[in-house]
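Remarks on the overall topology
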Amino acid sequence: MDYLTLKWLHILSATLMFGTGFGTAFYMFFANRSGNVQAIAVVTRWVARADWWFTTPAVIIQPLSGFWMMHLAGFPLQSRWIVWSLALYALAGACWLPVVWLQLKMRDMAAQAAQSGSALPARYWRYERLWTALGFPAFGGLLIVYWLMVHKPV
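Here's a quick rundown of the structure. These numbers were taken from a predicted model, which means no experiment stands behind them.

The next thing to look at is the packing of helix α1 (residues 3-34) against helix α4 (residues 122-151). Between α1 and α4, the least distance of the axes is 11 Å, while the angle of their chain directions is 150°. Viewed along their axes, α1 and α4 adopt a mutual orientation that is roughly antiparallel. The interaxial crossing formed by α1 with α4 has left-handed handedness. In contact with His10, Ala14, Thr15, Met17, Phe18, Gly21, Phe22, Ala25, Met28, Phe29, Asn32 and Arg33 of α1, α4 contributes Tyr124, Trp125, Glu128, Trp131, Thr132, Phe139, Leu142, Leu143, Tyr146 and Met149. Across the contact of α1 with α4, the residue classes break down as 15 nonpolar, five polar and two charged.

Below, the structure written as structure tokens:
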């Protein structure tokens, strides 16, 4: 695969990863604030699916295509922008993995509450606060990674 095709794949997967993450977080955040258990059950179900269908493949493609482009372009792994990009990507991943687990648990609690016509349990709201808190360093870190990939400061 040539460099430009690989770069296109890298940019496309970065866009899917960030766009899906931001979009699903937006809908889940505001569905939660609606208090509508039926809506929350639907949204959490689709957020979990979107993470598996779009975000997970992109999370895998990102480092593979990035390392391959580094090799083709001759960028040394010790470049400061690459080291920072990898560290921030790892931070985002360290936040994302528990978020996926939380989303699956929240999805299940919301489905059960919607089916039984009951309120969401207190544990759902504890998980929601943690889910929200983990989103800030993940998204902030990825925004900086985008900047580093574009600018490649020495």
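Let us look at the nonpolar core. Counting 27 residues, the largest nonpolar core has Met106, Leu120, Tyr124 and Trp131 as the members making the most contacts within it. At the level of secondary structure, the elements contributing two or more residues to this core comprise α1, α2 (37-73), α3 (80-116) and α4. Per-element tally for this core: the top contributor is α3, with ten residues. Excluding residues that lie within four positions of it along the chain, Trp131 makes contacts with Ala25, Met28, Phe29, Val99, Leu102, Gln103 and Met106. The next biggest cluster of nonpolar side chains, apart from the first, holds seven residues, and it includes Trp81, Ile82, Val145 and Leu148.

In this structure the tally under the stated criterion is two salt bridges. A salt bridge links Arg33 to Glu128, with the nearest nitrogen and oxygen atoms 2.8 Å apart. Of this pair, Arg33 sits in helix α1 while Glu128 sits in helix α4; the two residues are 95 residues apart in sequence, bridging distant segments of the chain.

To continue, consider a positive patch on the surface. Taken together, the side chains of Lys105, Arg123, Arg126 and Arg129 define a basic patch exposed on the protein surface. Ranked by residue count, the leading element in the positive patch is α4, at three residues. Here Arg123 is to be found in helix α4.

Time to look at empty space enclosed by the protein. Applying the stated criterion across every chain, the model contains one cavity of 30 Å³ or more. Empty space within the largest cavity amounts to approximately 30 Å³. Lining the largest cavity are Ala14, Met17, Gln62, Tyr89, Leu142, Val145, Tyr146 and Met149. Looking at the lining of the largest cavity, the elements with two or more residues in it are α1 and α4. Ranked by the residues each element gives to the lining of the largest cavity, the list is headed by α4, at four residues. Taken together, the residues of the lining of the largest cavity sort by class into seven nonpolar, one polar and no charged.

What counts, and at which threshold
- Counting starts from 1 at the beginning of each chain's written sequence and moves along it residue by residue.
- Whole-chain, interface and lining totals are the exception, using all residues; otherwise, since this is a predicted model, local features are given only for residues with pLDDT of at least 70 and side-chain atom pairs are given and counted only at 80 or more.
- Water and hydrogen atoms were dropped before computing side-chain values, which therefore reflect all heavy atoms in the structure.
- Whenever a helix is involved, its axis is fitted only over the stretch in contact; in every case the axis is a line through C-alpha atoms, and angles between N-to-C directions fall within 0 to 180 degrees.
- Each helix corresponds to a stretch of at least 4 residues labelled H or I by DSSP, and each strand to a stretch of at least 2 residues labelled E; elements are numbered beginning at the N terminus.
- For classification purposes, angles smaller than 35 degrees are called roughly parallel, those larger than 145 roughly antiparallel, those between 65 and 115 roughly perpendicular, and all remaining angles oblique.
- Here a crossing is called left-handed whenever its near helix is offset anticlockwise from the far helix by less than a right angle, and right-handed whenever the offset is clockwise.
- What makes two residues a contact is simply this: any of their non-hydrogen atoms within 4.5 Å.
- Three categories are distinguished: nonpolar for Ala, Val, Leu, Ile, Met, Phe, Trp, Tyr, Cys and Pro, charged for Asp, Glu, Lys and Arg, and polar for the others, with Gly belonging to the last.
- Nonpolar cores are built from buried Ala, Val, Leu, Ile, Met, Phe, Trp, Tyr and Cys residues. Side-chain atoms within 4.5 Å join them into one set.
- Exposure categories follow from relative accessible area, calculated using a 1.4 Å probe and restricted to protein chains: below 20% of the type maximum is buried, above 50% is exposed, and the middle band is partly exposed.
- Every case where a carboxyl oxygen of Asp or Glu lies within 4 Å of a side-chain nitrogen of Lys or Arg is listed as a salt bridge.
- By definition, no residue in a patch forms a salt bridge, and every one has over 30% relative accessible area; like charges are joined within 9 Å, nonpolar side chains (Val, Leu, Ile, Met, Phe, Trp, Tyr) within 5 Å.
- Only the protein chains shown count as cover for residues, and all accessible areas are computed by the Shrake-Rupley method using a 1.4 Å probe.
- Lys and Arg are tallied as positive, Asp and Glu as negative. Neither His nor the chain termini are counted.
- By convention, the point assigned to a charge is CZ for Arg, NZ for Lys, CD for Glu and CG for Asp.
- Put plainly, a pocket is an open set of points on a 1 Å grid over the protein atoms alone with protein on both sides within 12 Å along at least five of seven lines, a cavity is a set where a 1.4 Å probe fits but cannot get out, and a lining residue has an atom within 4 Å of a point.
- Grid points are joined across faces, edges and corners, and a volume is the space filled by probe spheres set on the points.

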